[in-house]
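Notes for the structure review
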Amino acid sequence: MLSYKESLKILKETDALLEGHFILSSGLHSKQYVQCAKLLSHPNHATNICGSLSEKIKNEIKEIDLILTPAIGGIVVGYELGRQLKTETIFAERVEGKFVLRRGFEIAKNSKVLVVEDVITTGNSALECSKIIKNYKAELIGFACIIDRSNSSLLIKNKIISQVKLKIETFKENELPNDLKQIKPIKPGSRNISK
């Protein structure tokens, strides 16, 4: 199993964890920015990180019938964890702003379902997936992610199994610390990418 330090090294080497001055999609400023897709673009590193996370999951959860991920961020992580845990993996997609199962995906009644994401921040997507599980009369057995960067505003009350827990401070523009004021900010979020 990878240590916290080893995991951070991989995240930084793959540019999945950047340091500088960032304007987040919320409008808040931060010294760090997480883009897990960069890790996932390096299959060997992603396999190692997911392998370590799958060991943590096995230590915490004894039986998993299905892994459910929200599209798009969780799909690759869910696939790799499903491969390593030898567990079927499906994903939910947004249709008219709401997560639903499509493509013939279904959840068997009473099955034990793990919700997997790449990064959990507020927990909104994961909770939307948990509603799908409830609607299928299946059992939510937990949440897992590569990076847990949640804080006190987290909506998930269950335990989250993560490879790395990060506390990333955010600041309002009028409350920037002096070191951030010296660095030109960039807006890296996917919500800002033009089509």
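Heads up: these notes are all about the structure in this document. None of these values were measured; they are calculated from a predicted model.

Considering the pattern of salt bridges
Applying the stated rule across the entire model yields 11 salt bridges. Among the ionic pairs, D179 bridges to K31, the shortest N-O distance being 2.9 Å. With D179 in helix α6 (residues 178–181) and K31 in strand β2 (residues 29–34), this residue pair connects regions lying 148 residues apart in the sequence. Judged by relative accessible area, which is 41%, D179 ranks as partly exposed. Taking relative accessible area as the criterion, K31 reaches 31% and is therefore assigned partly exposed. Of the charged contacts in the structure, one is a salt bridge between R83 and E80, with a shortest N-O distance of 2.6 Å. Of the two residues, R83 and E80 both sit in helix α4 (residues 75–85), 3 residues apart, roughly one turn of that helix. By relative accessible area, E80 is classed as buried at 9%. Because the salt bridges share partners, they merge into one network encompassing E93, R102 and R103.

Focus: the nonpolar core
Counting residues in each nonpolar core, the largest one holds 30 residues, and the members touching the most others are L11, L39, I57, L81, I146, I147 and L166. Breaking this core down by element, the ones donating at least two residues are α1 (4–13), α2 (36–40), α3 (43–60), α4, β6 (112–120), β7 (139–148) and β8 (160–165). In this view, L81 contacts C50, L53, S54, I57, I67 and V116; residues no more than four positions away in its chain are not counted.

Concerning the side chain of S111
Locating S111 in the fold gives a position in the loop between β5 (98–101) and β6. We classify S111 as buried; its relative accessible area is 8%. Beyond its immediate chain neighbours, meaning those up to four positions away, S111 contacts D65, A138 and E139.

Observations concerning the pairing of strand β4 (residues 89–95)
Bridge count for strand β3 (residues 66–70) against β4 is 4 bridges, and the pairing is parallel. What sits directly across from T69, in β4, is F91. For the handedness criterion, the β-α-β arrangement of β3, α4 and β4 is classed as right-handed. Across 4 bridges, the pairing between β4 and β5 is antiparallel. Directly across from R94, in β5, lies its bridge partner F99. Between β4 and β5, which pair antiparallel in sequence order, lie 2 residues; one of them, E96, sits at a positive phi of approximately 50°.

Digging into the sheet that holds β4
Strands pair in a sheet through their backbones, by hydrogen bonds, and they do so in one of two ways: parallel or antiparallel. If you trace the 6 strands from one edge of the open sheet to the other, you get β5-β4-β3-β6-β7-β8, paired in mixed fashion. Whereas interior strands pair on both sides, the edge strands pair on one side only; in this sheet they are β5 and β8. Across the sheet, the mean angle separating the axes of adjacent strands is 25° when strand polarity is ignored. Of the strands in this sheet, β7 and β8 touch α1, which is tilted by about 70° from β8.

Here is what the cut-offs are and how they apply
Residues numbered from 1 in each chain as written. Predicted model: local features only at pLDDT ≥ 70, side-chain atom pairs only at ≥ 80, totals over all residues. Heavy atoms only, no water. Salt bridge = Lys/Arg side-chain N within 4 Å of Asp/Glu carboxyl O. Helix = DSSP H or I, 4+ residues; strand = E, 2+ residues; numbered from the N terminus. Buried < 20%, exposed > 50% of the residue type's maximum accessible area, 1.4 Å probe, protein only. Core = buried A, V, L, I, M, F, W, Y, C linked by side-chain atoms within 4.5 Å. Contact = heavy atoms within 4.5 Å. Pairing = 2+ DSSP bridges. Right-handed = clockwise from strand over helix to strand, strands pointing away. Axes fitted to C-alpha atoms, helices over the stretch in contact; angles between N-to-C directions.

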